[in-house]
Amino acid sequence: GVDMSVLVGYDGSEVSGQAVRFAAREAHLRGVPLEVITAWDAPTADLGMGAGSVVDPQLADAVAQRAAEVAAEGAGLAGEGDVTARAVPGPAAAALVEGSRSSDLVVVGSHGRHGMADLLLGGVSRQVAAHSVCPVIVVRDDAARFGRIAVGIDGSPPALRALDFAFEQASRHGWALRVVHAWDVAVIGFDANTSTYPHGGILDEVGDAETRLSAEVLAGHADRYPDVALEVTVQRGAPAKVLVDASGDCDLLVTGSRGRGGFAALLLGSVSHKVLHHAQCSVAVVP
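It should be emphasised that the depicted structure is a prediction, and the values quoted were computed from it without experimental measurement.

Caption draft 1: Examining the pattern of salt bridges more closely. By the definition in use, this model includes 13 salt bridges. A salt bridge links Glu 231 to Arg 148; the nearest nitrogen and oxygen atoms lie 2.9 Å apart. Pair noted here: Glu 231 is in strand β10 (residues 230-236) and Arg 148 is in strand β8 (residues 148-152), with a separation of 83 residues, a long-range link. On the basis of relative accessibility, which here comes to 26%, the residue Glu 231 falls in the partly exposed class. Looking at Arg 148, the relative accessible area reads 17%, which means it is buried.

Caption draft 2: Quick peek at the packing of aromatic side chains. Taken as a whole and judged by the stated rule, the model has 1 aromatic pair. Between Phe 167 and Tyr 225 the ring centres are 5.3 Å apart and the planes differ by 25 degrees, which places this aromatic pair in the stacked class. Taken together, the residues span a long stretch of sequence, with Phe 167 in helix α5 (residues 157-173) and Tyr 225 in the loop between α7 (209-224) and β10 at a distance of 58 residues. For the residue pair Phe 167 and Tyr 225, the accessibility class agrees, reading buried in each case.

Caption draft 3: The arrangement of the confidence of the model for the chain in detail. Per-residue confidence for the chain gives a mean pLDDT of 80; residues scoring 70 or more make up 75%. Element-level pLDDT for the chain is lowest in helix α6 (residues 185-188), with a mean of 42, against a maximum mean of 97 in strand β1 (residues 6-9). In this model, residues 185-204 is a region of pLDDT below 50 whose contacts with residues beyond four sequence positions or in other chains number 20 contacts.

Caption draft 4: Structural view of the side chain of Arg 30. Mapping Arg 30 onto the fold places it in helix α1 (residues 14-30). Owing to a relative accessible area of 18%, Arg 30 belongs among the buried residues under this scheme. Separated by 2.7 Å, the side chains of Arg 30 and Gln 169 make a polar contact. Other than its neighbours up to four places away in sequence, Arg 30 contacts Val 6, Asp 104, Leu 105, Phe 165, Gln 169 and Arg 172.

Cut-offs applied
- Residues numbered from 1 in each chain as written.
- Predicted model: local features only at pLDDT ≥ 70, side-chain atom pairs only at ≥ 80, totals over all residues.
- Heavy atoms only, no water.
- Salt bridge = Lys/Arg side-chain N within 4 Å of Asp/Glu carboxyl O.
- Helix = DSSP H or I, 4+ residues; strand = E, 2+ residues; numbered from the N terminus.
- Buried < 20%, exposed > 50% of the residue type's maximum accessible area, 1.4 Å probe, protein only.
- Phe/Tyr/Trp six-rings, centres within 6.5 Å; stacked < 30°, edge-to-face > 60°.
- pLDDT = per-residue confidence, 0-100.
- Contact = heavy atoms within 4.5 Å.
- Polar contact = N/O pair within 3.5 Å; in protein donor to acceptor, adjacent residues only side chain to side chain.

The structure is reproduced here in structure tokens:
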């Protein structure tokens with residue numbers, strides 16, 4: 001098959017350095033190569049008088065050269081292992097999304113050189129999370145403090161892919177997994193007849209048929225990953241807020257890029273968008 005890799009964006013900033021270190025550990029755990037990408041924009045010279053601007057070839061060479069040096073510096077941060085670095089022209093988000101087609105995982109810092117504004121609409125991390133064809137981890141901090149991953153489930157197919165990813169990550173790292181099912185009565189809109197369901201374990205805490213369904217799904221995963229210590233939280237409230245609250249003592253929060261009723265359009269769902277903004281730890285967005 002295709003040789004998959006972990007792809008990481010590096011722009012010389014402190015936070016992208018954290019992303020590289022994080023990505024290097026992921027590549028090592030997965031046994032795949034790491035690829036460090038530095039993107040550069042072609043500088044233009046304005047000719048004035050309405051003639052428009054042209055790419056200044058000498059300047060472009062200098063910028064490309066500098067970008068190659070930055071990429072090499074990024075590869076140096078990765079330490080040992082199979083690491084390649086390349087500088088690519090064009091917007092960073094476009095290069096990373098293109099690279100996601102042949103990657104297992106794309107890793108980006110939570111904001112680039114431009115600071116917090118980058119986290120808002122249009123920032124590199126948001127664009128990559130919205131358009132990547134493989135999972136993306138937006139790194140807030142490369143230090144693992146808690147040994148725990150949180151994942152939100154809502155019964156939708158993207159949420160099941162997020163659950164798969166979360167179990168794999170937890171198993172790979174030897175971390176605990178907290179599964180959060182946020183439910184809102186207004187969304188569910190019906191009462192299940194509780195007498196028709198078997199009792200026992202987490203099913204007892206739950207008052208609606210849909211969450212029972214996710215409990216059954218969970219049981220299957222728990223069987224497949226007996227090594228993963230599982231915590232289940234069923235909490236009433238707005239999913240984004242419940243997830244952000246749950247992220248406080250976790251190292252990674254996993255969310256599907258689009259939940260129930262999400263558009264096929266390449267936009268992050270509102271929950272994953274809010275989570276990306278407000279989470280207290282690194283965030284994995286699973287397409």
